[in-house]
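# A look at the structure
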Amino acid sequence: MDLRQYTKQDVAGKKVLLRLDLDVEVNEQGQVDEFHDLRLERSVTTIKELLDFGAVKIILCGHRGRPQAGYNQDLSLSPVKSRLEFLLNKLGVQEKINLINDVSALPESAPGRLVMLENLRFWPGEKNNDRNFALELGRWGEVYVNDAFGNSHRSDASMLAIAKILPAYAGLSLINEIKELTRWLDNLPRPYAAILGGAKIETKIPLIKQLLTRADAILIGGALANTMLAARGINVGQSLVEEEYFSIAKTFTDAKIFLPIDAVLSDGSVSDINSVDSEDFIGDIGPRTAALFKQKIAAARAILWNGPMGKFEDARYQAGTRDIVAAITQSQAKTVSGGGDTLDVLTKLNVIDKFSFVSVGGGAMLTFLAGESMPGLEALVIHTSH
Ligand code: ADP
Ligand code: MG
């Protein structure tokens, strides 16, 4: 997939509307801390490049969380703005970012070289790919740059409609994501092991289907495994499952798929997977499962990881994920990872640099690796005729 790239001439002396991945976790103090800012670190590299190329003004935009339409203080981009300022400062950019609450304000009334528009999802037009909303956005810039790989599986107005209004280009981080993930798909050494965990089975089904044809081992943990186990008729007690997907989960019977053989329960005990009681809660994979998965990981020459092996936010349920991540980072294999909660784990364990590539996309990475189309990028793709 070739994306339209900008040159220095395309942005020099211009106002650039820059769509970023700003959907990051905010801590209890209401701040974006070093554990949740990888997406922002990638973003400031692009901002810096645009400034170096002579952009006169950069209007940053993006979304955070899933707000209903209307202003909502809790999902304001204000903490994101502060963290971006901090990260820009580290790159030698001292300027502050001027946060604008109203997209329909007069652009001339917003001074500063760096401006940020509030959470785009405060406006219903964003999710509806609404042309009028895109026109409103379009008033802010002369060119549009999309650097939001994490949102590229969605056809929001700030991804798609806007690209028909302003000259549109892909940003540095977006191009790098596509380059790295394409290289991954095109040169997969075997054996190839994929480790999938977390929840939200819906987002992972297309990838699992694709892995059945390409991977040698598909290791499944987390709540994803609970759903698969329950679909096969194994009692998982009070554990988190997604019942709506039992019928699909039941079809995944391939011998390449490995499910947990034991589990850590809420009282801290380890149970064989076939002896979980109706009152029990599965919080993590057990040590025998970890040993099985590690054996497959050690044999692999390509490893993909997405989704924690247990309820990682709870200290009682971290051992499985820690064990698996340690095995991946000790391996000589090519390794790729990414995702929302997955990024948090990688940052917390301080192992981002130990992977061949870490994607900032969650759903977007899963979609791309499953070989599905990326609606948010359609307007940026260069179609070459043969
Ligand atoms: P990602 O954001 O990396 O794509 P997901 O959002 O799919 O990952 O899943 C992460 C979530 O899954 C975490 O909140 C984690 O607590 C939850 N999870 C994983 N295993 C379990 C489990 N056994 N029980 C409850 N929640 C779990
Ligand atoms: Mg998540």
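See the structure above.
Residues numbered from 1 in each chain as written. Chains lettered and ligands numbered in written order. Predicted model: local features only at pLDDT ≥ 70, side-chain atom pairs only at ≥ 80, totals over all residues. Heavy atoms only, no water.

## Concerning the packing of helix H2 (residues 38-52) against helix H6 (residues 172-186)
In contact at an axis separation of 8 Å, H2 and H6 are set at 125 degrees when each is read in the N-to-C sense. The angle between the axes of H2 and H6 places the two elements in the oblique class. Counting all contacts with H2, which are made through Arg42, Thr45, Thr46 and Glu49, the residues of H6 involved are Leu172, Ser173 and Glu177. Within the contact of H2 with H6, the residues separate by chemical class into 1 nonpolar, 3 polar and 3 charged. (Axes fitted to C-alpha atoms, helices over the stretch in contact; angles between N-to-C directions. Helix = DSSP H or I, 4+ residues; strand = E, 2+ residues; numbered from the N terminus. Parallel < 35°, antiparallel > 145°, perpendicular 65-115°, else oblique. Contact = heavy atoms within 4.5 Å. Nonpolar A, V, L, I, M, F, W, Y, C, P; charged D, E, K, R; others polar.)

## Focus: the site of ligand 1
Around ligand 1 there are 21 residues in total, and Ala199, Lys204, Glu313, Asp341 and Thr342 lie nearest to it. Lys204 is positioned with one of its side-chain polar atoms (N or O) 2.6 Å from an oxygen atom of ligand 1. Protein contacts shield 90% of the accessible area of ligand 1, which totals 580 Å² for the unbound molecule. Within the residue set of the shell around ligand 1, elements represented by two or more residues are helix H8 (222-231), strand E12 (282-285) and helix H12 (340-348). Class assignment for the residues of the shell around ligand 1 results in 7 nonpolar, 9 polar and 5 charged. (Near = heavy atom within 4 Å. Polar contact = N/O pair within 3.5 Å; in protein donor to acceptor, adjacent residues only side chain to side chain. Areas by Shrake-Rupley, 256 points an atom, 1.4 Å probe, with all protein chains shown as cover.)

## As for the sheet that holds strand E5 (residues 143-147)
The sheet built from 6 strands is open, its strands ordered E3-E4-E2-E1-E5-E6 with parallel pairing. Two strands bound the open sheet, and with one partner strand each, they are strand E3 (98-100) and strand E6 (168-170). Neighbour to neighbour, the strand axes of the sheet diverge by 25 degrees on average, direction disregarded. In this sheet, strand E4 (residues 114-117) lies alongside strand E2 (residues 57-61) in parallel orientation, the contact comprising 3 bridges. Across the sheet, the residue bridging to Ile59 is Val115, located in E4. Where H2 meets the sheet, its contacts fall on strand E1 (15-20), E2, E4 and E5, and the angle it forms with E1 comes to roughly 170 degrees. Strand contacts of helix H3 (residues 78-90): E2, E3 and E4, with the helix running at about 155 degrees to E4, the strand carrying the most contacts. (Pairing = 2+ DSSP bridges.)

## Observations concerning the packing of helix H7 (residues 201-214) against H8
It is the contact of H7 with H8, at a shortest axis distance of 11 Å, that shows an interaxial angle of 80 degrees. Accordingly, the angle class assigned to the pair H7 and H8 is roughly perpendicular. Between H7, through Ile201, Lys204 and Ile208, and H8, the contact on the second element is made entirely by Leu224, Thr227 and Met228. Split into classes, the residues belonging to the contact of H7 with H8 amount to 4 nonpolar, 1 polar and 1 charged.

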